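Structural description and commentary
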Amino acid sequence: MNISPSTVVMSTAVPALMAVLLIWVSKRGRLILPFATSFVLGGFTSFLLALLLSRLLIPVEELLAGESGTVRAGLTNAFLIAALPEELVRLATTIGAVALGRRAVGRDVIVTCGMIGLGFAMFENVFYSLTTTAVAEIVIGRTVPAISHGASALIMGSLLGPAFSSGRRFLSWPL
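My aim in this report is to walk through the structure given alongside it, one point at a time.

Rules of the game
Residues numbered from 1 in each chain as written. Predicted model: local features only at pLDDT ≥ 70, side-chain atom pairs only at ≥ 80, totals over all residues. Heavy atoms only, no water. Axes fitted to C-alpha atoms, helices over the stretch in contact; angles between N-to-C directions. Helix = DSSP H or I, 4+ residues; strand = E, 2+ residues; numbered from the N terminus. Parallel < 35°, antiparallel > 145°, perpendicular 65-115°, else oblique. Left-handed = near helix turned anticlockwise from the far one by under 90°. Contact = heavy atoms within 4.5 Å. Nonpolar A, V, L, I, M, F, W, Y, C, P; charged D, E, K, R; others polar. Core = buried A, V, L, I, M, F, W, Y, C linked by side-chain atoms within 4.5 Å. Buried < 20%, exposed > 50% of the residue type's maximum accessible area, 1.4 Å probe, protein only. Salt bridge = Lys/Arg side-chain N within 4 Å of Asp/Glu carboxyl O. Expected span 1.5 Å × (residues − 1). Bend = angle between axes of the 7 residues up to and from the residue. Patch = residues over 30% accessible without salt bridge, like charges linked within 9 Å, V, L, I, M, F, W, Y side chains within 5 Å. Areas by Shrake-Rupley, 256 points an atom, 1.4 Å probe, with all protein chains shown as cover.

1. Describing the packing of helix α4 (residues 71-100) against helix α6 (residues 109-129)
Packing of α4 against α6 leaves a shortest axis separation of 10 Å and a crossing angle of 130°. Judged by the angle between their axes, α4 and α6 are oblique. In this structure, α4 crosses over α6, and the sense of that crossing is right-handed. Listed contacts from α6 to E86, R90, T93, T94, A97 and V98 of α4 are V109, T112, C113, I116, G117, F120 and E124. For the contact of α4 with α6, the per-class residue count stands at six nonpolar, four polar and three charged.

2. Digging into the nonpolar core
One broad trend across soluble globular proteins is that nonpolar side chains are buried collectively. Core analysis: the largest hydrophobic core is formed by nine residues, namely A19, L22, I23, F35, F39, V111, M115, L118 and M122. Of all the secondary structure elements, the ones that give two or more residues to this core are α1 (5-27), α2 (33-56) and α6. Of all the elements, α6 adds the most residues to this core, at four residues. Listed in part, the eight residues of the second largest apolar core include V98, C113, M156 and L160.

3. Quick notes on the pattern of salt bridges
With the rule as written, the count across this model stands at one salt bridge. Here R90 ties to E87 by a salt bridge, and the two come within 2.9 Å at their closest N and O atoms. Of this pair, R90 and E87 are both found in helix α4, three residues apart, which corresponds to roughly one turn of the helix. The partly exposed category is assigned to E87, whose relative accessible area is 28%.

4. A few points about helix α8 (residues 143-164)
Here α8 spans 31 Å end to end across 22 residues, near enough to the 32 Å set by a 1.5 Å rise per residue. Of all the bends found along α8, the most pronounced is centred on S158 and spans about 25°, while P162, a proline, follows it within four residues. When α8 is considered as a whole, its buried residues turn out to be P145, A146, H149, G150, A153, M156, G157, L160, G161, A163 and F164.

5. Side note on the side chain of N125
The residue N125 is located in helix α6 in this model. Every residue in contact with N125, bar those within four places of it in the chain, is listed here: S11, P15, R142 and A146.

6. Looking at a nonpolar patch on the surface
Where nonpolar side chains cluster on the molecular surface, the patch consists of F44, L48, L49 and L52 and spans about 350 Å² of accessible area. Position of L48 relative to the elements: it lies in helix α2.

7. Some remarks on the environment of T12
Note that T12 resides in helix α1. With 127 residues separating them along the chain, T12 and V139 place their C-alpha atoms 9.7 Å apart. In this structure, T12 is in contact with M122 and V126, ignoring residues within four places of it in sequence.

8. Comments concerning the packing of α4 against α8
Viewed as axis vectors pointing N to C, α4 and α8 meet at an angle of 50°, and their least axial separation amounts to 11 Å. Here α4 lies oblique to α8, going by the angle between them. When the axes of α4 and α8 are compared, the crossing they make is right-handed. Across the interface between the two elements, E86, E87, R90, L91, T94, I95, V98 and A99 of α4 pack against H149, S152, A153, M156, L160 and F164 of α8. Taken together, the residues that form the contact of α4 with α8 break down as eight nonpolar, three polar and three charged.

This is the structure we're talking about:
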């Protein structure tokens, strides 16, 4: 295990700075506690659930991937074990967070989803920093995924927004 204060700081810096920037741009002095909570608790919940779901999908991956080292195996791993569980769990976590904190979140579904995505990226970065000793890999190699998680979460939030925008009722048809 390769945990040190410097690797934790390097792993958390980019997602945390992006989260602060997102809150600053979107809130401008209003209450930020719900979004900070979404960042930490939503990020941790989505990371843990995605990890569990990806482990459940390993037998399916082995069935579909075929021979190790092939393009088919790589694509199966990338989509079935990484992308699919992460996006499904982020969607479920965002729906749960907005449903539970409807008064605090209000109509800021986009920001809430972005905070959950950036929180996920932070916990994923810390997890990956435990497996590597290269400082450059931690700093550079985890910056692009953090930006990608944040951007895809904002896109998901913008698509989820209409489902929550009709007052108190959740509309499933925009999904």
